[in-house]
Amino acid sequence: MKAALQNYHARMQRVLDHIDRHLDDDLDLDALSSVAAFSKFHFHRQFTATFGLSVHRYVQLARMKRASHRLASTDAQSVTEIAMDAGYDTPDAFARAFRQRLGQSPSSFRKSPDWAPWLAAFGPLDNARSKLMKITYEPGDVTIRDVAPTPVAIMEHRGDRARLPDTIQRFVAWRKAAGLSPETSPTFNIFRSERIPANPEDYSMDLCVGTDLPIDADDKQMKAGVIPGGRCAVLRVVHNTHNLEPAALYLYRDWLPASGEEARDFPIYCQRHFSVFPNVTVPEVVCELFLPLK
């Protein structure tokens with residue numbers, strides 16, 4: 001059974017690798033089912049069941065992601081050329097799709113990319129690949145650290161995760177207007193519910209930026225707060241930083257009972273580290289997951 005599953009995953013991995021290498025080719029069901037050595041009749045259902053999005057959607061996102069790389073990294077290609085390479089018939093159609101997904105026009109993204117919406121928009125690609133990767137953690141991956149209190153500005157998201165991208169866009173716009181860039185002001189997420197609660201409207205998360213600037217009393221979006229200091233178990237996550245649930249489960253379910261430690265009365269939270277370097281088109285994102293301890 002295990003060998004059969006590994007073989008199945010290997011065939012699906014071939015498909016993802018083929019898509020990445022042949023984005024300019026005709027990536028229809030005939031071609032991709034042949035790469036996977038599955039029947040065309042079942043392949044699209046198997047792909048969707050495995051990765052959580054259709055073949056067409058995956059290819060669409062992969063082409064859009066490449067287009068965003070090209071926009072941010074070089075002026076050698078015009079927006080029209082990039083649109084054609086991404087499979088769009090007209091620049092206007094490309095611009096509409098790009099704005100809908102990233103919240104910026106292609107020309108605006110070329111001048112000044114907003115990376116937080118970019119990361120959210122292309123998270124499904126990372127999520128798809130992570131389904132083929134068994135990520136495991138060990139006790140040695142966890143360190144205990146004394147953390148100083150951190151004053152933050154907080155934007156609360158309450159309700160269905162489907163609306164989270166809109167909250168992220170408002171958060172990015174606010175911090176941009178306040179001059180709090182990810183490179184100079186730390187970014188935190190405080191998780192106040194399960195990632196996928198039984199009732200979607202019970203989802204709850206705080207988006208935070210580290211700052212001691214006063215928040216206007218009339219500000220309807222943000223409020224001032226503090227991430228409390230104290231001892232924390234810290235787990236560094238470099239894979240699929242869009243879904244921290246496996247890492248959180250490891251801390252709660254495996255590490256905490258075996259450690260003899262007790263959790264403090266504050267939610268698990270993460271700090272997202274954005275590293276942007278010259279000539280690198282996409283920021284490297286590393287997350288540190290903090291489990292507050294007594």
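Below, the structure is looked at part by part. (Residues numbered from 1 in each chain as written. Predicted model: local features only at pLDDT ≥ 70, side-chain atom pairs only at ≥ 80, totals over all residues. Heavy atoms only, no water.)

We now examine the overall build of the protein chain. Scanning the protein chain from terminus to terminus reveals 11 helices and 8 strands. Taking 19 Å as the expected radius of gyration for a compact globule of 294 residues, we find that the protein chain reaches 21 Å, a close match to that expectation. Along the first, second and third principal axes, the C-alpha atoms of the protein chain reach 55 × 50 × 40 Å. Expressed as a percentage of contacts within the protein chain between residues at least 6 apart in sequence, the contacts between residues at least 24 apart total 69%. Carbon and sulfur atoms make up 52% of the accessible area of the protein chain, which amounts to about 15,600 Å² in all. The distance from the centre of the 36 positive side-chain charges to the centre of the 36 negative ones in the protein chain is 3 Å. (Helix = DSSP H or I, 4+ residues; strand = E, 2+ residues; numbered from the N terminus. Rg over C-alpha atoms; globule rule 2.2 N^0.38 Å. Contact = heavy atoms within 4.5 Å. Areas by Shrake-Rupley, 256 points an atom, 1.4 Å probe, with all protein chains shown as cover. Lys, Arg positive; Asp, Glu negative; His and termini not counted. Charge placed at Lys NZ, Arg CZ, Asp CG, Glu CD.)

Turning to the pattern of salt bridges, a few remarks are in order. With the rule as written, the count across this model stands at 12 salt bridges. The closest approach of N and O atoms between Glu-288 and Arg-145, which form a salt bridge, is 3.0 Å. One end of the pair, Glu-288, is in strand β8 (residues 284-292); the other, Arg-145, is in strand β1 (residues 142-147), with 143 residues separating them in the sequence. Ionic pairing is found between Lys-223 and Glu-156, a salt bridge with its closest N-O pair at 2.6 Å. Note that Lys-223 is positioned in strand β5 (residues 223-227) and Glu-156 in strand β2 (residues 150-158), a separation of 67 residues in sequence. What you see here is one network of salt bridges that share partners, running through Glu-156, Arg-158, Arg-192, Asp-206 and Lys-223. (Salt bridge = Lys/Arg side-chain N within 4 Å of Asp/Glu carboxyl O.)

Turning our attention to the environment of Asp-219. Tracing the sequence through the fold places Asp-219 in the loop between β4 (204-210) and β5. Judged by its relative accessible area of 22%, Asp-219 is partly exposed. For the pair Asp-219 and Leu-207, spaced 12 residues apart in sequence, the C-alpha separation works out to 15 Å. Engagement of the side chain of Asp-219 in a polar contact is seen with the side chain of Trp-174, the distance being 2.8 Å. Here the side chain of Asp-219 touches Met-222 through a polar contact of 3.0 Å, landing on its backbone nitrogen. (Buried < 20%, exposed > 50% of the residue type's maximum accessible area, 1.4 Å probe, protein only. Polar contact = N/O pair within 3.5 Å; in protein donor to acceptor, adjacent residues only side chain to side chain.)

Moving on to unusual backbone geometry. Across the chain, the bulk of peptide bonds are trans and the bulk of non-glycine residues have phi less than zero. Even without glycine at this site, Ala-37 takes up a positive phi of about 60°. Within the secondary structure layout, Ala-37 lies in the loop between α2 (29-36) and α3 (40-51).

Here we come to helix α10 (residues 164-177). For α10, built from 14 residues, the straight-helix expectation of 20 Å at 1.5 Å per residue is met to within 8% by its first-to-last C-alpha distance of 20 Å. Considered for burial, the residues of α10 that qualify are Leu-164, Thr-167, Ile-168, Phe-171, Val-172, Trp-174 and Arg-175. Along the long axis of α10, the arc covered by the buried residues comes to 165°, so they all point the same way. Next to the buried residues of α10 lie α8 (115-121), β2, β3 (187-191) and β4. Phi turns positive one or two residues past the end of α10, at Gly-179, with a value near 75°. (Expected span 1.5 Å × (residues − 1). Arc of directions from axis to C-beta.)

Any functional reading would require information that these geometric values do not contain.
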